[in-house]
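The residues making up each chain are set out below.
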Amino acid sequence: MCYIEVHGDGSVTHGRDAETYRRARAGESRLYAVWPGEWSSHLFVIDDLDGYAKAFGIVHDEERTGLADHHHDVRWEVASWEDKLDGTCISIEVWLDCGCEVRDLNVFAKQMREQRGWDIATTRGWGSGGGSYYMRARRRSLEGRPSTATAKGDTKR
Ligand SMILES: [Zn+2]
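Nothing here was measured: the structure is a model prediction, and the numbers come from that model.

Points about the packing of aromatic side chains
1) Next: In this structure the tally under the stated criterion is 3 aromatic pairs.
2) Next: With centroids separated by 6.0 Å and ring planes inclined at 70°, the aromatic side chains of Tyr-3 and Tyr-52 adopt a geometry described as edge-to-face. One end of the pair, Tyr-3, is in strand S1 (residues 2–7); the other, Tyr-52, is in helix H2 (residues 49–55), and 49 residues separate them in sequence.
3) Next: Judged by relative accessible area, Tyr-52 falls into the buried class, the value being 5%.
4) Next: For the pair Trp-76 and Trp-118, a centre-to-centre distance of 6.2 Å together with 80° between the ring planes defines the contact as edge-to-face. Of the two residues, Trp-76 sits in strand S5 (residues 74–78) while Trp-118 sits in the loop between helix H4 (105–116) and strand S7 (127–129), which places them 42 residues apart along the sequence. Considered together, Trp-76 and Trp-118 belong to a single accessibility category, that of buried residues.

This is the structure we're talking about:
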């Protein structure tokens with residue numbers, strides 16, 4: 001699949017970025033998706049600009065990622081099965097008290113990097129269960145000690 005942009009002056013460019021989206025939104029250009037076939041290629045007009053922007057991460061997609069665009073209320077502790085507590089990366093268990101869900105680890109990792117400086121490994125396995133998530137993170141990027149050590153039994157809501 002390839003994307004082309006037809007500008008108001010008739011010129012054609014390809015690629016997709018935030019500027020493409022902005023121009024299409026403003027009506028300065030039209031976006032098309034090209035579906036290459038063996039004998040002919042099909043051209044589709046992109047009329048769902050919101051879907052387009054969300055699919056390519058140009059705007060934040062709360063529905064797909066499960067993550068609101070806000071400062072997450074996060075608790076964590078070292079995963080119970082982690083036995084190398086001084087390793088570069090450790091397994092952690094994470095709770096999102098703000099009610100968000102992690103459906104896209106890359107987006108969550110990016111948000112946590114911006115919000116708390118966490119360095120979450122996105123190439124390693126992660127998962128969820130029992131209302132929490134487990135993932136690997138660079139130990140030194142995490143706060144000094146798990147917030148659960150003090151926040152346990154703390155009823156915020
Ligand atoms: Zn949240």
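After that view of the structure, there is still more to cover.
Remarks on the domain arrangement of the chain
Interfaces are often sized by the amount of accessible area the parts lose when they come together.
1) Next: For the chain, the assigned domains are domain 1 (2–59) and domain 2 (68–151).
2) Next: The centre of domain 1, based on its C-alpha atoms, is set 36 Å off from the matching centre of domain 2.

A word on the pairing of strand S8 (residues 132–138)
Within a regular strand, side chains alternate between the sheet's two faces.
1) Next: The buried fraction of S8 is high, at 5 of 7 residues.
2) Next: Where strand S6 (residues 89–96) lies against S8, 6 bridges are found, and the strand directions are antiparallel. Bridge pairing in S8 places Ser-91 opposite Arg-136.
3) Next: With 3 bridges connecting them, S7 and S8 associate as antiparallel partners. Directly across from Gly-129, in S8, lies its bridge partner Ser-132.
4) Next: What sits between the antiparallel neighbours S7 and S8 is a turn of 2 residues, in which Gly-130 has the positive phi angle 60°.

Thoughts on the coordination of the zinc ion
1) Next: At this site the zinc ion is bound by His-70 (NE2), His-72 (ND1), Cys-98 (SG) and Cys-100 (SG), with donor distances of 2.0 to 2.3 Å.
2) Next: Taken together, the 4 donor atoms coordinating the zinc ion and their angles of 101 to 116° define a geometry best described as tetrahedral.
3) Next: Here the donor residues for the zinc ion map to a single chain with the spacing H-x1-H-x25-C-x1-C.
4) Next: By relative accessible area, which is 32% here, His-70 ends up partly exposed.

What counts, and at which threshold
- Residues numbered from 1 in each chain as written.
- Predicted model: local features only at pLDDT ≥ 70, side-chain atom pairs only at ≥ 80, totals over all residues.
- Heavy atoms only, no water.
- Phe/Tyr/Trp six-rings, centres within 6.5 Å; stacked < 30°, edge-to-face > 60°.
- Helix = DSSP H or I, 4+ residues; strand = E, 2+ residues; numbered from the N terminus.
- Buried < 20%, exposed > 50% of the residue type's maximum accessible area, 1.4 Å probe, protein only.
- Domains from an automatic or database assignment.
- Pairing = 2+ DSSP bridges.
- Donors = N, O, S within 2.8 Å, 3.2 Å for Na, K, Ca; no water.
- Tetrahedral: all angles 85-135°; square planar, octahedral: opposite > 155°, others 65-115°.

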